[in-house]
Amino acid sequence: MNITGIITEYNPFHNGHLHHLQQCKKTTKCDGTICIMSGNFMQRGGPAIIDKWKRAEMAIENGVDLVIELPTYYAVSSAEFFAYGAVSILNSLGIVNNLFFGSESGDVKSLTKIAQTLVNEPLEFQEILKRNMNNGLTFAKARELSLIEFTNDKHIENIISSSNNILGIEYIKAILKLNSKIVPLSLKREGSGYNDKELSNSFSSATSIRETLKGKNDISLIKDAVPEQSFNILQELKTSNYPFTFEESMFQYIKYLITTNCINFNNLSEVKEGIDKKISKEIENSSSLDDLILNVKSKRYTYTKISRILTQIYIGFYKENYSKMDLEQYHYARVLAFNKKGREMLSLIKKQSSIPLITKLPKNTENPLLKLDIAATKAYSILNPELKANSDYLISPIIK
């Protein structure tokens, strides 16, 4: 079988995602698609608007064949770790031929050229990077200028300043590091930018859809922005009084944890250079999560990075629990949903995968990655009471 992998969050599944999936099938002529999807918390920080089971159902209803959860450890980490975790799982399944992702450039050759430089780090590039770092630049800026100088290509600045290009580069880096046979392919992204907050006449961003639901609480406003299958699921949830979940709902819990000194900032992987003192100070002056992030953000600490740190605090994700581990030995493929074609792929995966396939959560586990997934679901259930804290044990994969 010719199988294509996609890496997503579907928060929620919208028209742009449907276009990506349709082009994926058309371009790769694949026999089936496997989606690695974030669980209940997102890479840029904050909870998903609806839980992972409902989002997995949306994916299947819109044409994905098999949905596998990306472990929380990777789902709420930097772009590099997010990408590596997802690609590593796809690679370990033993049946994936291609990885199809969206990017602002759509140019896999350019993205691969950058990825190869960053993975191989030629001596000349290392020297340029060291010089730029010594000039007091942030690592991100120093790396950007070093890539431009090393490749003598000014277009690189535009490429690595766009979020989906950055993720694409990280996907290709992961493929190279794993010496994987998976072939990367990219679709040029169309429509609104990821952070655009207004609905668009073309492809509206997930951000704009969430902002509309948060502000107006009127499901009909997003009807043209999502496929019919997605809208029907969202409408059904709204009718049943299922609460949509937003990042602001975490604020009081985070404030409690910080103000009562329950947090050891040194155990958070992305906390450096006194940002902990800034957060502790500004939380007293902030009336919302957005206020706090805006009060703390700087050139070195972006809005997204601070949001991710606060999400890690809320979940209880501390690096001391994982820093000395070979995490790949704990990898698994946890199935959230599948259709008839997905069932066929699961049969192949059982024969060829180098990691365990989980369709039913064990009552007891010592796997640290799986433990964090369970903790994340419990944390999400506080924000969304409709999802029970022990739902990981109660809900089986969705079969369509």
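Here, the structure is the one placed above.
How each quantity is defined
Residues numbered from 1 in each chain as written. Predicted model: local features only at pLDDT ≥ 70, side-chain atom pairs only at ≥ 80, totals over all residues. Heavy atoms only, no water. Helix = DSSP H or I, 4+ residues; strand = E, 2+ residues; numbered from the N terminus. Rg over C-alpha atoms; globule rule 2.2 N^0.38 Å. Buried < 20%, exposed > 50% of the residue type's maximum accessible area, 1.4 Å probe, protein only. Contact = heavy atoms within 4.5 Å. Areas by Shrake-Rupley, 256 points an atom, 1.4 Å probe, with all protein chains shown as cover. Lys, Arg positive; Asp, Glu negative; His and termini not counted. Charge placed at Lys NZ, Arg CZ, Asp CG, Glu CD. Pairing = 2+ DSSP bridges. Right-handed = clockwise from strand over helix to strand, strands pointing away. Expected span 1.5 Å × (residues − 1). Phe/Tyr/Trp six-rings, centres within 6.5 Å; stacked < 30°, edge-to-face > 60°. Lys NZ or Arg CZ within 6 Å of the ring centre and 35° of its normal. Salt bridge = Lys/Arg side-chain N within 4 Å of Asp/Glu carboxyl O.

Asks: How would you summarise the overall build of the chain if you had to cite specific residues and measurements?
Replies: For the chain, the count of helices and strands is 18 helices and eight strands. Rg of the C-alpha trace for the chain: 21 Å, near the compact-globule value of 21 Å for 400 residues, within the 12% margin. Taken along its principal axes, the extent of the C-alpha atoms in the chain is 55 × 50 × 50 Å. Taken over 400 residues, the chain has a buried fraction of 55%. Long-range pairs, those at least 24 residues apart, make up 74% of the contacts in the chain with a sequence separation of at least 6. Working note: accessible area of the chain is about 18,400 Å², and carbon and sulfur atoms make up 46% of it. For the chain, the centre of its 49 positive side-chain charges and the centre of its 43 negative side-chain charges are spaced 3 Å apart.

Asks: So, the pairing of strand E3 (residues 66-70): which residues are in play, and what are the values?
Replies: Within a regular strand, side chains alternate between the sheet's two faces. Counting buried positions along E3 gives five out of five residues, so the element sits mostly inside the fold. For strand E2 (residues 32-38) and E3, the ladder comprises five bridges, and the chain directions are parallel. Residue pairing across strands places Ile 34 opposite Leu 66, the latter belonging to E3. Since E2 and E3 lie parallel, the crossover through helix H2 (residues 52-61) that links them has a hand, and here it is right-handed.

Asks: Please set out helix H7 (residues 139-151) residue by residue, giving values where relevant.
Replies: Under the 1.5 Å per step criterion, the end-to-end length of H7 is 18 Å for 13 residues, consistent within 8% with the ideal 18 Å. Looking at H7, one finds that the buried residues are Ala 142, Glu 144, Ser 146, Leu 147, Ile 148 and Thr 151. Looking at the buried positions of H7, the neighbouring elements they touch are helix H5 (108-120), helix H6 (123-134) and helix H8 (156-159). Note on H7: the residue one or two positions beyond its end, Asn 152, has a positive phi of about 55°.

Asks: Could you give me a rundown of the packing of aromatic side chains, with the residues and numbers involved?
Replies: Within this structure, the stated rule accounts for eight aromatic pairs. Aromatic side chains Tyr 10 and Phe 13 sit 4.5 Å apart centroid to centroid with 50° between the ring planes, which places their arrangement in the tilted category. On the basis of relative accessibility, which here comes to 1%, the residue Tyr 10 falls in the buried class. Take Phe 13: its relative accessible area is 0%, and that puts it in the buried class. Three or more aromatic residues joined by ring pairs form one cluster here, namely Phe 41, Tyr 253, Tyr 314 and Tyr 380. The ring of Tyr 301 has Lys 305 lying over it, and the distance from NZ or CZ to the ring centre is 5.1 Å.

Asks: Account for the pattern of salt bridges, naming residues and giving values.
Replies: Going through the model one piece at a time under the given rule, you end up with 15 salt bridges. Between Arg 131 and Glu 149 there is a salt bridge; the shortest N-O distance is 2.9 Å. Remark: Glu 149 occurs in helix H7 and Arg 131 occurs in helix H6; sequence separation between them is 18 residues. Judged by relative accessible area, which is 39%, Arg 131 ranks as partly exposed. Of the charged contacts, one joins Lys 278 and Glu 282 as a salt bridge, the two residues approaching to 3.2 Å between their closest N and O atoms. Here the residue Lys 278 and the residue Glu 282 both occupy positions in helix H13 (residues 275-282), the gap between them amounting to four residues, near one helical turn. According to the relative accessible area criterion, Glu 282 is buried, its value standing at 10%. Residues joined in a network through salt bridges with shared partners are Lys 52, Glu 69, Arg 334 and Asp 392.

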